[in-house]
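Survey of secondary and tertiary structure
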There are 2 protein chains.
Amino acid sequence: MKQEINIMDVAQLANVSIATVSNVINGKGRVSSLTEKRVRKAIDELGYAPNLLARNLKTKRSGLIGLVVPTVKPGRLKDNPFYWDLLAGVEEYARERDFHIILSGFDEAEESFEFVKERQLDGLIIVGTGEQSSAIDKVLALNIPFVFVDNYLMNPDLYQISLDDRLGGWLATKHLLDLNHRKIAVHIGDIPLERIHQFGVLHERWNGYRLALEEAGIAYDASLMIQLPTSIEGGQEAAEWLAQHSDVTAIFSFSDIAAIGILKGLKERGIKVPQDKSVIGFDDLYMTAFTSPPLTTVSQNIVVKGIAAAQLLFHQIENSSHYSRKVVLPVELKIRETTGWLSKD
Amino acid sequence: MKQEINIMDVAQLANVSIATVSNVINGKGRVSSLTEKRVRKAIDELGYAPNLLARNLKTKRSGLIGLVVPTVKPGRLKDNPFYWDLLAGVEEYARERDFHIILSGFDEAEESFEFVKERQLDGLIIVGTGEQSSAIDKVLALNIPFVFVDNYLMNPDLYQISLDDRLGGWLATKHLLDLNHRKIAVHIGDIPLERIHQFGVLHERWNGYRLALEEAGIAYDASLMIQLPTSIEGGQEAAEWLAQHSDVTAIFSFSDIAAIGILKGLKERGIKVPQDKSVIGFDDLYMTAFTSPPLTTVSQNIVVKGIAAAQLLFHQIENSSHYSRKVVLPVELKIRETTGWLSKD
DNA sequence: TTGAAAGCGGTACCAC
DNA sequence: GTGGTACCGCTTTCAA
């Protein structure tokens, strides 16, 4: 009913064998241009479209790649525009190659990746959950091309896309230091500081922060690490913290979304940015150019990240060699208006 | 290599026929619990996962549904967090039923939906392009279950999910009128007013606006319709327009993203909200609760929209009857702080 | 240059 | 309860 016409119908109409039709479709074998014309005509007339299930069953390729993203609430995709941008990049690249994307949420606990085998996916892109993922071994066992995004896995054999997070952390901190700030708080997110090394992205940004401090001869002060959720609300709480610490003149948030909350929280408390406190974020979300004041932040191009991931994946799928298994994408400091010079006392 | 073990291997190990293995997997036919145990054990030991390509080839179902969203730049998914929320809803519902989502951008011009037939998709969700889509006929010709989201198609046979846009328009306008505003501008988006009827969503919001006006005995004034892009930048331009029209005391933007721009533009010009101008948006993006001041807006739940679309689609796929082919989701006015009482002169 | 036929890995009907 | 086997729609030898 759904798919009534098949290669047989075409063959009959064109008065050839199904093998010939197949050859025409795939441009293989020798087919006289006359026959080809007849076949093409038949295809058109019938509105025939080959059944990829059948084709793929035979060829062992599915033309499908999986994009696995973390979920927050069980069963629901993580609520962050970041993923959409990433998806856009992957989809764009894949579509040009006639691949499609299957998107799947990932419940850390009970994900078996069965669907990858079941659907014969040709490749897999796994987006970091923040924490060292328990999924790695499962993914390796699948024995198909894959790419990890933002995962910071210490295995050199794995294909990985990441950001120059450390440089980002360094740039942000350096910028603040150059503006004469000395006590710089860091909003790291809702994780215990002792476990930050498990969260590659955060850890690297934090390393960049410490490095810049060290270069400036300033001692690292763990009491300046604010452990609050990466959300607008978390940012607002961080603002409260700032209000209570008048000696702290600047804050570096590892995420724009929280920086937005910080800005808002400070404003509500009558604390002026950047006169009283400087604020710097990370990500360069579309919105942040339009906060008031516009947010100074470390910028990354997420769509490009998606494209890069797809690229690295296809290098494997197509067996083209790649110079490296790790791709580190650049960051850029976008100085806008939430950071300002601190006059000495 | 990729998928080495198949149903035969399981059958051999368990010392049964492949038919029996199939029965166990699908819970069909009578299988003695002893045999079943043996088979399950073999499956476990081998780590067997059935090849869905083969199964689906036979059963004519793919367990796949397509989500088609518009693209902006050719080849790139539309840059709007809205779609991610929608996707989250669809994915959640589908996953519970062991379906997967194939996501595809949609180039108005040259989309043939071939992939739907090729991949034997079981259903299709098409998200509105704003304009009456040229895709309708193509989709109908596919002869598979489908749902249009936000498309306002005038064919009663089509399954459609939409929002109570008209009520939203009415609520927003009524709210402004109740606050004593009389000259209310509307930022409709970057389309000529003459063609607004082609854009269902906008048209309905606009209808709601006119209705509220009419009920209040106020004449509609086309010169109050601002035709600028639906973007932050467009909103900023709208603010400029407002600055030049001091008799206009309120503005209703059909989109939060533009409302954010309006807020920003007004602030830059020293125009106070809501003292000088009232602003109201539409969508209730996550961000808008955190603008300053927090934006009054018409709220919709986009994840629920995705779930509703999936639901309607599965009603068709599973052949369960549904009371209606059209589902209209509710809106809600969220009064925050950008709208205020207008003292008479 | 073309066609016959053997799979790909399952499902499901029908015997036993 | 269990197994034999004819498909599903296509690709791919191999022969003609």
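To keep things clear, this report deals only with the structure shown in the data block.

Rules used throughout
Residues numbered from 1 in each chain as written. Chains lettered and ligands numbered in written order. Predicted model: local features only at pLDDT ≥ 70, side-chain atom pairs only at ≥ 80, totals over all residues. Heavy atoms only, no water. 1 Å grid on protein atoms, 1.4 Å probe; cavity = no way out; pocket = protein on both sides within 12 Å on 5 of 7 lines; lining within 4 Å. Points joined across faces, edges and corners; volume = space filled by probe spheres on them. Nonpolar A, V, L, I, M, F, W, Y, C, P; charged D, E, K, R; others polar. Helix = DSSP H or I, 4+ residues; strand = E, 2+ residues; numbered from the N terminus. Least-squares fit on C-alpha atoms with pLDDT ≥ 70 in both. Contact = heavy atoms within 4.5 Å. Salt bridge = Lys/Arg side-chain N within 4 Å of Asp/Glu carboxyl O. Buried < 20%, exposed > 50% of the residue type's maximum accessible area, 1.4 Å probe, protein only. Polar contact = N/O pair within 3.5 Å; in protein donor to acceptor, adjacent residues only side chain to side chain. Near = heavy atom within 4 Å.

If you add up the space inside the second largest pocket, you get close to 1,300 Å³. Around the second largest pocket sit 41 residues that line it, and Pro50(A), Asn51(A), Leu52(A), Arg55(A) and Glu118(B) are the ones nearest its centre. For the lining of the second largest pocket, the class distribution of residues is twelve nonpolar, 13 polar and 16 charged.

With an omega of -5 degrees, the peptide bond between Ser292(A) and Pro293(A) qualifies as cis. For Pro293(A), the location among the structural elements is in the loop between β9 (278-283) and β10 (296-299). Residues Val273(B) and Pro274(B) are joined by a peptide bond in cis, for which omega reads 5 degrees. One can find Pro274(B) in the loop between α11 (256-268) and β9 (278-283). Despite not being glycine, Asn15(A) shows a phi value in the positive range, around 60 degrees.

Superposing chain B onto chain A takes a rotation of 180 degrees combined with a translation of 0.1 Å along the rotation axis, leaving an RMSD of 0.1 Å. These values place the two chain copies in the arrangement generated by a two-fold rotation axis. Interface overlap between copies: 100% of the residues of chain B at the interface are likewise at the interface in chain A, consistent with a symmetric, same-surface contact.

This part covers the pattern of salt bridges. All names here are of chain A. Counted according to the given criterion, the structure contains 28 salt bridges over all chains. We note a salt bridge from Arg 40 to Glu 36, for which the minimum N-O separation is 3.2 Å. Of this pair, Arg 40 and Glu 36 both sit in helix α3 (residues 33-46), separated by four residues, roughly a single helical turn. Relative accessible area serves as the criterion here: at 29%, Glu 36 is assigned to the partly exposed category. A salt bridge links Arg 205 to Asp 165; the nearest nitrogen and oxygen atoms lie 2.8 Å apart. With Arg 205 in helix α9 (residues 200-215) and Asp 165 in helix α8 (residues 165-178), the pair connects residues that are 40 residues apart, well separated along the chain. Taken as a pair, Arg 205 and Asp 165 share a single burial class, namely buried. Within this structure, Lys 183, Asp 221 and Asp 247 form a network of salt bridges that share partners.

Moving on, we come to the interface of chain B and chain A. The interface of chain B with chain A comprises 69 residues on the first partner and 69 residues on the second. Inspection of the region where chain B meets chain A yields zero salt bridges. Linking chain B with chain A are 16 residue pairs in polar contact (both at pLDDT 80 or more). Breaking the side of chain B that touches chain A down by element, the ones donating at least two residues are α4 (52-59), β1 (64-70), α5 (81-96), β2 (100-106), α6 (114-118), α10 (232-244), α11 and α12 (302-317) of chain B. Looking at the side of chain B that touches chain A, the element that brings in the most residues is α5(B), giving nine residues. Here the residues of the side of chain B that touches chain A sort into 31 nonpolar, 18 polar and 20 charged.

The full set close to DNA strand D counts 26 residues, and Ile7(A), Tyr48(A), Arg55(A), Thr35(B) and Lys60(B) are the nearest of them. Side-chain polar atom of Asn26(A) to a phosphate oxygen of DNA strand D: 3.1 Å apart, as the coordinates give it. Sorting the residues of the surface near DNA strand D by element identifies α2 (18-26) and α4 (52-59) of chain A together with α2 (18-26) and α4 of chain B as the ones contributing at least two each. Per-class residue counts for the surface near DNA strand D are eleven nonpolar, nine polar and six charged.

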